[in-house]
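Read off the chains here:
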Amino acid sequence: MQHKTIETNVTIYSFDELDKAKQKLINKAKEQVGKAYAPYSEFHVGAAVELENGEIFAGSNQENSAYPSGICAERVAMFFANAQYPEVPVKTLAIAAFTNGNFLSTPVTPCGSCRQVLLETEMRFEKDITILLYGTEEIYLIENVRQLLPLCFEKNSLTL
Ligand code: THU
């Protein structure tokens, strides 16, 4: 029998320690929470995607009275970006969440379905996507989506 430990590397920053481009993307994600449609959960999420060509696309969660029909902010932003520029890799994704009158103090983390979608984009362009998870007390930087989804199922899994 063997035991295997899989590690995820997270670097923790304060807002002021980040470069201007990352600060801008986080601010964009924060702005987007105001555009969420989240009457059921009242959990407002914003996501902003920066492409390699410098374009920025943002999205917010969009809920539905038939709950599973709603969609998370990350997927809205990522699909929006991929739909506009299908040939351009994604460089960075920032996420922020707001509820009960405040941004979360600990960083918001994407759900499993969003991780799977983010992974597809990362693998499609063979280019790491930097993930920025915003919290008022600390910000997590994760260097690529693979770190967020170990033991993943991806397109190569279909052929093995
Ligand atoms: N949500 C997101 O948009 N992103 C996340 O990372 C976590 C959850 C949304 C889905 C739903 O509208 C609400 O937050 C509560 O789960």
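Conventions used here
- Residues numbered from 1 in each chain as written.
- Predicted model: local features only at pLDDT ≥ 70, side-chain atom pairs only at ≥ 80, totals over all residues.
- Heavy atoms only, no water.
- Patch = residues over 30% accessible without salt bridge, like charges linked within 9 Å, V, L, I, M, F, W, Y side chains within 5 Å.
- Areas by Shrake-Rupley, 256 points an atom, 1.4 Å probe, with all protein chains shown as cover.
- Salt bridge = Lys/Arg side-chain N within 4 Å of Asp/Glu carboxyl O.
- Helix = DSSP H or I, 4+ residues; strand = E, 2+ residues; numbered from the N terminus.
- Buried < 20%, exposed > 50% of the residue type's maximum accessible area, 1.4 Å probe, protein only.
- Core = buried A, V, L, I, M, F, W, Y, C linked by side-chain atoms within 4.5 Å.
- Contact = heavy atoms within 4.5 Å.
- Phe/Tyr/Trp six-rings, centres within 6.5 Å; stacked < 30°, edge-to-face > 60°.
- Expected span 1.5 Å × (residues − 1).
- Polar contact = N/O pair within 3.5 Å; in protein donor to acceptor, adjacent residues only side chain to side chain.
- Pairing = 2+ DSSP bridges.
- Near = heavy atom within 4 Å.
- Axes fitted to C-alpha atoms, helices over the stretch in contact; angles between N-to-C directions.
- Parallel < 35°, antiparallel > 145°, perpendicular 65-115°, else oblique.
- Left-handed = near helix turned anticlockwise from the far one by under 90°.
- Nonpolar A, V, L, I, M, F, W, Y, C, P; charged D, E, K, R; others polar.

Would you take a moment to explain a nonpolar patch on the surface for this structure?
A surface patch of nonpolar side chains, about 370 Å² in accessible area, is lined by Tyr37, Tyr40 and Tyr67. Structurally, the position occupied by Tyr37 is in the loop between helix 1 (20-32) and strand 2 (44-51). By relative accessible area, which is 42% here, Tyr37 ends up partly exposed.

Looking at this structure, I do not really get the nonpolar core. What am I missing?
Soluble globular proteins tend to bury their nonpolar side chains together. One finds Val49, Leu51, Met78, Leu93, Ile129 and Ile131 to be the most contacted residues of the largest nonpolar core, which totals 25 residues. Among the secondary structure elements, those contributing two or more residues to this core are strand 2, helix 2 (73-84), strand 4 (90-99), helix 3 (112-125) and strand 6 (130-134). Residue contacts for Leu93: discarding those within four places in its chain leaves Leu25, Ala47, Ala48, Val49, Glu74, Leu118, Ile129, Thr130, Ile131 and Leu132. Core analysis: the second largest hydrophobic core is formed by 12 residues, Leu18, Ala29, Ala94 and Ile139 among them.

In this structure, what is going on with the packing of aromatic side chains? I would like to understand it.
Counted under the stated rule, the structure contains five aromatic pairs. Between Phe98 and Phe103, the ring centres sit 5.0 Å apart and the planes meet at 80 degrees, which makes this aromatic pair edge-to-face. Judged by its relative accessible area of 22%, Phe103 is partly exposed. Taken together, a centroid distance of 5.9 Å and an interplanar angle of 90 degrees make the contact between Phe103 and Tyr134 edge-to-face. Separated by 31 residues along the polypeptide, Phe103 in strand 5 (residues 102-103) and Tyr134 in strand 6 bring together distant segments of the chain. When its relative accessible area of 8% is taken as the criterion, Tyr134 is described as buried. Pairwise contacts between aromatic rings join Phe57, Phe80 and Tyr85 into one cluster.

Help me understand helix 1 in this model?
Counting along an α-helix, one turn takes 3.6 residues, and residues three or four places apart therefore face a common direction. The terminal C-alpha atoms of helix 1 lie 18 Å apart, and with 13 residues this matches the ideal 18 Å at 1.5 Å per residue to within 8%. Along helix 1, the residues that are buried comprise Gln23, Leu25, Ile26, Ala29 and Gln32. Turning to helix 1, the residues buried within the fold contact strand 2, strand 3 (56-60), strand 4, strand 6 and strand 7 (139-142). Two or three places before Ala21, at the opening of helix 1, Asp19 has a side-chain oxygen 3.2 Å from that residue's backbone nitrogen.

When you look at the pairing of strand 2 in this model, what are you seeing that I'm missing?
For a regular strand, side chains alternate in direction, first toward one face of the sheet and then toward the other. Counting buried positions along strand 2 gives seven out of eight residues, so the element sits mostly inside the fold. Bridge count for strand 2 against strand 4 is eight bridges, and the pairing is antiparallel. Paired with Val45 across the bridge in strand 4 is Ala97. Two strands pair when backbone bridges link them, and strand 2 and strand 3 are joined in this way by five bridges, in the antiparallel orientation. Residue pairing in the sheet places Ala47 in a bridge with Gly59 of strand 3.

Can you help me understand the site of the ligand in this one?
The full set of residues close to the ligand is Ser41, Phe43, Val45, Asn61, Glu63, Cys72, Ala73, Glu74, Thr109, Pro110 and Cys111. With respect to the ligand, the side chain of Glu63 contributes an N or O atom lying 2.5 Å from an oxygen atom. At 2.9 Å from an oxygen atom of the ligand is found a main-chain nitrogen or oxygen belonging to Ala73. Here the ligand, which alone exposes 370 Å², has 76% of that area covered by the protein.

How do you make sense of the packing of helix 2 against helix 3 when you look at a structure like this?
Two measures define how a pair of helices packs: the angle their axes make with one another and the distance between the axes. Helix 3 packs onto helix 2 with a crossing angle of 25 degrees between their chain directions and a minimal axis gap of 9 Å. With respect to helix 3, the element helix 2 is oriented roughly parallel. By crossing handedness, the relation of helix 2 to helix 3 is classed as left-handed. Two secondary-structure elements touch here, helix 2 through Glu74, Arg75, Met78, Phe79 and Asn82 and helix 3 through Ser113, Cys114, Val117, Leu118, Thr121, Arg124 and Phe125. Tallied by class, the residues present in the contact of helix 2 with helix 3 amount to six nonpolar, three polar and three charged.

This is a description of form; function is not addressed.
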